[in-house]
Amino acid sequence: MSRPVALAEIVTPSNTLTERIKIHQQHDPKCQLIKKFLNNGQLPNPKSKLFFVKEGLLMCTDRKANFNDRSQILKKLVVPLTLVKEVLGLVHDSITNAHQGFQRTLRRVREQYYWANMFNRVLNYVKTCPSCAGKKGHRGQKLPPLQRVPITNRPFEKIAMDAVGPLPLTSRGMRYILVISDYFTRWPEAYGLTDLKSESVATAFEDFFSIHGVPDRLVTDRGTNFLSTAMLSVYEKLGIRKHTTTAYHPQSDGLVERLNATLINSLSHLMGDNRLVIWWVIGICSCLLHF
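Named according to an unreviewed UniProt entry, the protein is RNA-directed DNA polymerase originating from Oedothorax gibbosus.

### Remarks on the sheet that holds strand S1 (residues 50-54)
Read from one edge to the other, the open sheet built from four strands follows the order S1-S2-S3-S4, with strand pairing classed as mixed. Either end of the sheet is taken by a strand with one partner, and the two such strands are S1 and strand S4 (113-114).

### Remarks on the packing of helix H7 (residues 198-212) against helix H9 (residues 229-238)
Between H7 and H9, whose axes approach to 10 Å, the crossing angle comes to 25°. As far as their axial angle goes, H9 and H7 are roughly parallel. On the side of H7, the interface is formed by Ser-198, Val-201, Ala-202, Phe-205 and Phe-209, while H9 contributes Met-231, Tyr-235 and Leu-238. Of the residues that constitute the contact of H7 with H9, the class distribution is seven nonpolar, one polar and no charged.

### Brief notes about the nonpolar core
Membership of the largest hydrophobic core comes to 21 residues, with the highest contact counts inside it found for Val-79, Val-109, Tyr-113, Trp-115 and Val-122. Of all the secondary structure elements, the ones that give two or more residues to this core are helix H1 (15-25), strand S2 (57-61), helix H3 (84-93), helix H4 (102-112) and helix H5 (118-127). When residues of this core are assigned to their parent elements, the largest contribution, five residues, is made by H3. Ile-159, Tyr-176, Leu-178 and Ile-180 belong to the second largest nonpolar core, which has 18 residues in total.

### Looking at the pattern of salt bridges
Summed over all chains, the structure comprises three salt bridges. As a salt-bridge pair, Asp-216 and Arg-154 come within 2.5 Å of each other at their nearest N and O atoms. Here Asp-216, found in the loop between H7 and strand S8 (217-220), pairs with Arg-154, found in the loop between helix H6 (130-135) and strand S5 (158-164); they are 62 residues apart in sequence, far enough to count as distant. Judged by its relative accessible area of 26%, Asp-216 is partly exposed.

### Thoughts on unusual backbone geometry
In this structure, Glu-55 takes a positive phi of about 55° despite not being glycine. The residue Glu-55 is located in the loop between S1 and S2 in this model. Here Asn-117, not a glycine, exhibits a phi torsion of approximately 60°, which is positive. On the secondary structure map, Asn-117 appears in the loop between S4 and H5.

### Thoughts on the packing of H4 against H5
Viewed as axis vectors pointing N to C, H4 and H5 meet at an angle of 135°, and their least axial separation amounts to 10 Å. By the angle between their directions, the pair H4 and H5 is classed as oblique. Relative to H5, the crossing made by H4 is right-handed. Only Met-118, Phe-119, Val-122, Leu-123 and Val-126 of H5 make contact with H4, whose side of the interface consists of Phe-102, Thr-105, Leu-106, Val-109 and Arg-110. Looking at the contact of H4 with H5, its residues break down into eight nonpolar, one polar and one charged.

### Re the side chain of Glu-157
Turning to its location among the elements, Glu-157 is positioned in the loop between H6 and S5. Look past the residues within four positions of Glu-157 in its chain and what remains in contact with it is Thr-152, Asp-182, Pro-215, Asp-216 and Arg-217.

### Re helix H2 (residues 29-40)
With 12 residues, H2 should cover 16 Å at 1.5 Å per step; its first-to-last C-alpha distance of 17 Å lies within 8% of that length. Buried within H2 are the following residues: Cys-31, Ile-34 and Lys-35. Seen end-on, H2 carries its buried residues on one side only, within an arc spanning 100°. Opposite the buried face of H2, by more than 90 degrees, sit the exposed residues Pro-29, Lys-36 and Asn-40. With a side-chain oxygen lying 3.2 Å from the backbone nitrogen of Lys-30, the N-terminal cap of H2 falls on Asp-28.

### Structural notes on the side chain of His-92
Looking at where His-92 falls in the secondary structure, it is placed in helix H3. A distance of 3.4 Å separates polar atoms of two side chains, one belonging to His-92 and the other to Thr-105.

### Focus: the sheet that holds strand S7 (residues 188-193)
Read from one edge of the open sheet, five strands run S7-S6-S5-S8-S9, paired in mixed fashion. Bordering the open sheet on either side are S7 and strand S9 (241-244), each of which pairs with just one other strand. Shown here is a sheet whose adjacent strand axes are inclined to one another by a mean of 20°, direction ignored. For S8 and S9, the ladder comprises four bridges, and the chain directions are parallel. In the strand pairing of S9, Leu-218 is matched with Lys-242.

### Considerations on H3
Judged by how many residues are buried, H3 sits mostly within the fold: eight of 10 residues are covered. Listed in full, the buried residues belonging to H3 are Val-84, Val-87, Leu-88, Gly-89, Leu-90, Val-91, His-92 and Asp-93.

Criteria and thresholds
- Residues numbered from 1 in each chain as written.
- Predicted model: local features only at pLDDT ≥ 70, side-chain atom pairs only at ≥ 80, totals over all residues.
- Heavy atoms only, no water.
- Pairing = 2+ DSSP bridges.
- Helix = DSSP H or I, 4+ residues; strand = E, 2+ residues; numbered from the N terminus.
- Axes fitted to C-alpha atoms, helices over the stretch in contact; angles between N-to-C directions.
- Parallel < 35°, antiparallel > 145°, perpendicular 65-115°, else oblique.
- Contact = heavy atoms within 4.5 Å.
- Nonpolar A, V, L, I, M, F, W, Y, C, P; charged D, E, K, R; others polar.
- Core = buried A, V, L, I, M, F, W, Y, C linked by side-chain atoms within 4.5 Å.
- Buried < 20%, exposed > 50% of the residue type's maximum accessible area, 1.4 Å probe, protein only.
- Salt bridge = Lys/Arg side-chain N within 4 Å of Asp/Glu carboxyl O.
- Left-handed = near helix turned anticlockwise from the far one by under 90°.
- Expected span 1.5 Å × (residues − 1).
- Arc of directions from axis to C-beta.
- Polar contact = N/O pair within 3.5 Å; in protein donor to acceptor, adjacent residues only side chain to side chain.

So this is what it looks like as structure tokens:
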């Protein structure tokens, strides 16, 4: 099973982990070999990373870094092989990442760490993660014919909206999630709801456009809560052009449907303990952090 993660844990390496890396570097043959070459003034491979020692820690940076802009230089910790699995657990299993896929996990690892054969080790870790294998399952590769989709020109010009639930009832009576996503920036928002009546949906939608502005176009499925007389009146007053998806064809609103699946999957990881299930509404913000 996945390593338990404290609620306060974040992806940034803690002082304790940094000290452990420093200690393990002293006993790692490859780290000691790199330090030996540094003492001699050069590395055997001129195309290798730029290694250096800072406060006793072996670190590196990319040769392609822009050294004229120090804010853009990523200083990475060189991780001994004995701690690779622990670091991957921190990056992949932490509460702010919620078991993301291979590409996102690899990108986050490369931002702060370095070790040999990183690509394959990250790939193997994600593929063999029991929590991911048990909850994400296998998705078929049957792809529909490609169709042209009108391109949006600015943020929040066109948004998609959908509802998720019913979920386990929370102590505040929440049972559903209203999910909204922008087609231009892919920015997600999620609101816990007690029900899916038009009044509840309208209240959450009002909160959304009071922050991000009124969209020109809105895409939803054919749910009655989105097509009721009250909601149609709201769209008309705000000047929103309403579009609905084809019946029994959720792929036509794939943006928000994919967000729904990712959100539920992340919540299932965070709320795995049955005692925490009723607190899923608290985990929504943590799940949205990695979008």
